[in-house]
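Residues per chain, in single letters:
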Amino acid sequence: MILCHEGKLSLWCFLGGLSSLLVFYGVDAWWSEEAIWTKVGLVLGYYVALNVIIKIRYKPRDYAVAVRATFLGSVLSAGIVVFVYAGERYKPFGIYATLMALFHYSEYLGIAICNPKTLSPDSFILNHSIHYALAAVASWVEFFVEVHFVPDMKTYKLLWILGVLMCFAGESLRKVAMITASKNFSHIVQFERHNEHELVTHGVYGWMRHPSYVGWFYWSVGTQITLGNPVCFVIYAIASWKFFHDRILMEEITLLNFFGEEYVQYQERVPTGLPYIHGFRVEP
């Protein structure tokens, strides 16, 4: 397997952002000042320098990929630093940051591997929707409000572990689904059938019709368990369920148009994978 140009570019830039960890920890080797904010300042300077370099080095399309990958690598680096250095009550946010960075970068890399023809800067799904952004901000607000008023509820390590395991399982399922579907996978619902478009029913698609959505659903809910956010846990569960209910309904209408009776039989054999979501059914 040969990674496409954009995939290689994103990988190098993601590692470049992640390398800010080396700057953070390398300071001790040549700088006697041990204040944490000195290290943070140097890392911020390094991040700014990286962005200047890629702005000068790359043309607009490559820059759009490079700046996003660098940002996500830096977020992963920051998450690790927060987990290692911050007080106990803030450590869940460090874990959350690493989960977010890995999820969004692996979305891009997954498309670069399995279906590079559909690859674009949007494949990072950082700009998924205004609702997605608002949901993320809401979870941050809840986390820091609760840190201030009820800090002890953020120190339950069992919640961290449960949340991380759920996120890991969800993301792993989603990435396996992407690789299994290969060129048939896309972040955008397809309304026209292409010549190479096939109905995938093997692997994880033999267990559930929409494994990528199942994985994303449990990853989303898992992030709120990691943060110890009871309010957003409920909101995320309801909002994610509604989103995937509507998405699956729309997608299955197109799949029935593409594959007809073959998809009807597939629906009869295999569930969607999400609770109380049955998809679009053709009335007999």
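Residues numbered from 1 in each chain as written. Predicted model: local features only at pLDDT ≥ 70, side-chain atom pairs only at ≥ 80, totals over all residues. Heavy atoms only, no water.

A grouping of Tyr 90, Val 137, Trp 140, Val 141, Phe 144, Val 145, Phe 149 and Val 150 is seen on the molecular surface, where their side chains present a nonpolar patch of about 730 Å² in accessible area. Relative to the assigned elements, Val 145 resides in helix H6 (residues 130-149). (Patch = residues over 30% accessible without salt bridge, like charges linked within 9 Å, V, L, I, M, F, W, Y side chains within 5 Å. Areas by Shrake-Rupley, 256 points an atom, 1.4 Å probe, with all protein chains shown as cover. Salt bridge = Lys/Arg side-chain N within 4 Å of Asp/Glu carboxyl O. Helix = DSSP H or I, 4+ residues; strand = E, 2+ residues; numbered from the N terminus.)

What follows deals with the confidence of the model for the protein chain. Summarising the model, the protein chain shows a mean pLDDT of 93, and 96% of its residues fall at 70 or more. Ranking the helices and strands of the protein chain by mean pLDDT puts helix H8 (residues 211-227) first, with 98, and helix H2 (residues 20-30) last, with 77. (pLDDT = per-residue confidence, 0-100.)

On to the layout of surface pockets. Considered as a void within the structure, the largest pocket measures approximately 710 Å³ in volume. Lining the largest pocket are 35 residues, with Ser 186, His 187, Ile 188, Tyr 213 and Glu 251 positioned closest to its centre. For the lining of the largest pocket, the secondary-structure elements that each account for two or more residues are helix H7 (157-181), H8, helix H9 (230-259) and helix H10 (261-269). Element by element, the count of residues in the lining of the largest pocket is highest for H9, at six residues. Split by residue class, the lining of the largest pocket holds 16 nonpolar, 13 polar and six charged. (1 Å grid on protein atoms, 1.4 Å probe; cavity = no way out; pocket = protein on both sides within 12 Å on 5 of 7 lines; lining within 4 Å. Points joined across faces, edges and corners; volume = space filled by probe spheres on them. Nonpolar A, V, L, I, M, F, W, Y, C, P; charged D, E, K, R; others polar.)

Two packed helices can be described by the angle between their axes and the distance between those axes. Contact geometry for helix H5 (residues 91-114) and H8: axes closest at 8 Å, N-to-C directions at 160°. Between H5 and H8, the interaxial angle falls into the category roughly antiparallel. The element H5 and its partner H8 pack so that their crossing is left-handed. Facing H5, whose interface residues are Pro 92, Phe 93, Ile 95, Tyr 96, Leu 99, Met 100 and Phe 103, H8 presents Trp 216, Trp 219, Thr 223, Gln 224, Thr 226 and Leu 227. Considered class by class, the residues forming the contact of H5 with H8 number 10 nonpolar, three polar and no charged. (Axes fitted to C-alpha atoms, helices over the stretch in contact; angles between N-to-C directions. Parallel < 35°, antiparallel > 145°, perpendicular 65-115°, else oblique. Left-handed = near helix turned anticlockwise from the far one by under 90°. Contact = heavy atoms within 4.5 Å.)

Moving on to the pattern of salt bridges. According to the stated counting rule, one finds seven salt bridges in the structure shown. Here Lys 175 and Glu 107 are joined by a salt bridge, their closest N and O atoms 2.8 Å apart. Taken as a pair, Lys 175 in helix H7 and Glu 107 in helix H5 lie far apart in primary sequence, 68 residues in all. Take Lys 175: its relative accessible area is 14%, and that puts it in the buried class. Take Glu 107: its relative accessible area is 0%, and that puts it in the buried class. One network of salt bridges, in which partners are shared, links Glu 107, Glu 171, Arg 174 and Lys 175. (Buried < 20%, exposed > 50% of the residue type's maximum accessible area, 1.4 Å probe, protein only.)

So, about the packing of aromatic side chains. Per the stated rule, a full pass over the model turns up 19 aromatic pairs. Between Phe 93 and Phe 144, the ring centres sit 5.0 Å apart and the planes meet at 50°, which makes this aromatic pair tilted. Here Phe 93 is found in helix H5, whereas its partner Phe 144 is found in helix H6, with 51 residues between them in sequence. Phe 144 gets classed as partly exposed once you look at its relative accessible area, which sits at 39%. Look at Tyr 105 and Phe 124: their rings are 6.5 Å apart centre to centre, the planes differ by 35°, and that puts the pair in the tilted class. With Tyr 105 in helix H5 and Phe 124 in the loop between H5 and H6, this residue pair connects regions lying 19 residues apart in the sequence. Grouping residues by exposure puts Tyr 105 and Phe 124 together as buried. The aromatic ring of Tyr 63 is capped on one face by Lys 55, whose charged end is 4.6 Å from the ring centroid. Here the basic side chain of Lys 91 rests over the ring of Phe 83, its NZ or CZ set 5.2 Å away from the ring centre. (Phe/Tyr/Trp six-rings, centres within 6.5 Å; stacked < 30°, edge-to-face > 60°. Lys NZ or Arg CZ within 6 Å of the ring centre and 35° of its normal.)

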